[in-house]
Amino acid sequence: VTVSMPSGLRLSMQTVVGVLLGSTFTPLFFQNLLRFASTVAGLVVFTLLGACIGGAFLTRVAGMDRATAFFAAAPGGLNDMTVIGGELGADERVVAICHSLRLLLVVSLLPCLFRLLTSLPSTPLSTAPALLPPMPLKDVAYLLGSALLGPQVGKWLRLPARFLVR
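Being a predicted model, the structure only gives us computed values, none of them experimental.

Enquirer: What is the right way to look at the nonpolar core in this model?
Expert: Among the nonpolar cores identified, the biggest contains 6 residues, and these are A51, F71, A74, M81, A90 and V95. Beyond its immediate sequence surroundings of up to four residues, F71 is in contact with M81, I84, G85, L88, A90, V95 and H99.

Enquirer: Quick question: what am I supposed to make of helix α7 (residues 137–156) here?
Expert: Structurally, the α-helix is built with 3.6 residues per turn, so residues lying three or four positions apart point the same way. In this model, α7 (20 residues) spans 28 Å end to end at C-alpha, consistent with the 28 Å of a helix rising 1.5 Å per residue. L149 marks where α7 bends most, by close to 40 degrees; the proline P151 follows one to four residues later. Residues A147, G150, P151 and G154 constitute the buried set of α7. On its buried face, α7 sits against α1 (7–22). Once α7 finishes, R158 follows within two positions and takes phi at roughly 60 degrees, a positive value.

Enquirer: Before we go on, may I ask you to explain the packing of aromatic side chains in this structure?
Expert: All chains considered together, the criterion is met by 4 aromatic pairs. Their ring planes at 90 degrees and their centres at 4.8 Å tell us that F25 and F29 sit as a pair that is edge-to-face. Here the aromatic rings of F70 and F71 are separated by 5.2 Å at their centres, their planes lie at 85 degrees, and the arrangement is edge-to-face. On the basis of relative accessibility, which here comes to 28%, the residue F70 falls in the partly exposed class. On the accessibility criterion, F71 (10% relative accessible area) is buried. Each member of the aromatic cluster is reached from another via a ring pair, and the members are F25, F29 and F30.

Enquirer: What exactly am I supposed to notice about the pattern of salt bridges here?
Expert: Oppositely charged side chains can pair when the atoms bearing their charge come close. Evaluated as defined, the whole model comprises 1 salt bridge. The partner of D91 in a salt bridge is R93, and the shortest N-O contact between them spans 3.4 Å. According to the relative accessible area criterion, R93 is exposed, its value standing at 63%.

The rules we used
- Position labels on residues start from 1 in each chain and follow its written sequence.
- Where local features are concerned, this predicted model is filtered to residues with pLDDT of at least 70; where side-chain atom pairs are given and counted, the filter is 80 or more; whole-chain, interface and lining totals use all residues.
- Side-chain descriptors were evaluated using all non-hydrogen atoms of the structure, hydrogens and water having been removed beforehand.
- Nonpolar cores were defined as sets of buried Ala, Val, Leu, Ile, Met, Phe, Trp, Tyr and Cys residues, with membership established by side-chain atoms within 4.5 Å.
- Three exposure classes are used, based on accessible area relative to the maximum for each residue type with a 1.4 Å probe and protein chains only: buried under 20%, partly exposed in between, and exposed over 50%.
- Residue contacts follow a heavy-atom distance rule, with two residues in contact if any of their heavy atoms lie within 4.5 Å.
- Runs of H or I in DSSP of at least four residues are treated as helices and runs of E of at least two as strands, each being numbered from the N terminus.
- An expected span of 1.5 Å times one less than the residue number is assigned to each helix.
- In this scheme, the bend at a residue equals the angle between the axes fitted to the seven residues that finish there and the seven that begin there.
- Stacked, edge-to-face and tilted are the three classes for Phe, Tyr and Trp ring pairs, Trp counted by its six-membered ring, which pair at centre distances within 6.5 Å; planes under 30 degrees apart are stacked, over 60 edge-to-face, the rest tilted.
- Salt-bridge detection follows one rule: a side-chain nitrogen of Lys or Arg within 4 Å of a carboxyl oxygen of Asp or Glu.

Rendered as structure tokens:
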């Protein structure tokens, strides 16, 4: 069974995800990044090492090609790894399935493990509706500008998944 989506719709959704991800980078984020530079450096090394070891395991044991194995093992968002991996030669379906399985296992098993292994009290789910704070017009203009110009700049720089990069 072949499943497909109109490319315009897919690229539009990638643009939305890219703008949402990019909007999280605030001046406070970069101030904290400098404050925790050694921790961030350690996380980068650990993440790359984990992805390479996981990728090597999936290549040898599961018989995946190197690109698919790397993006299937790389920690990151399901959408991001699938799109970037697909543009760099990975099998998108395998990457998406591996990340979906990881998500399913983490979401279903981690709460049970915390409950069994710790004495932390459980917290009730919030019943309050989630309201978005008002956004200044200047911020809306920045987000729209990055949505419109980001893919063009990404294309000019020859970036993979240019619709995600903002």
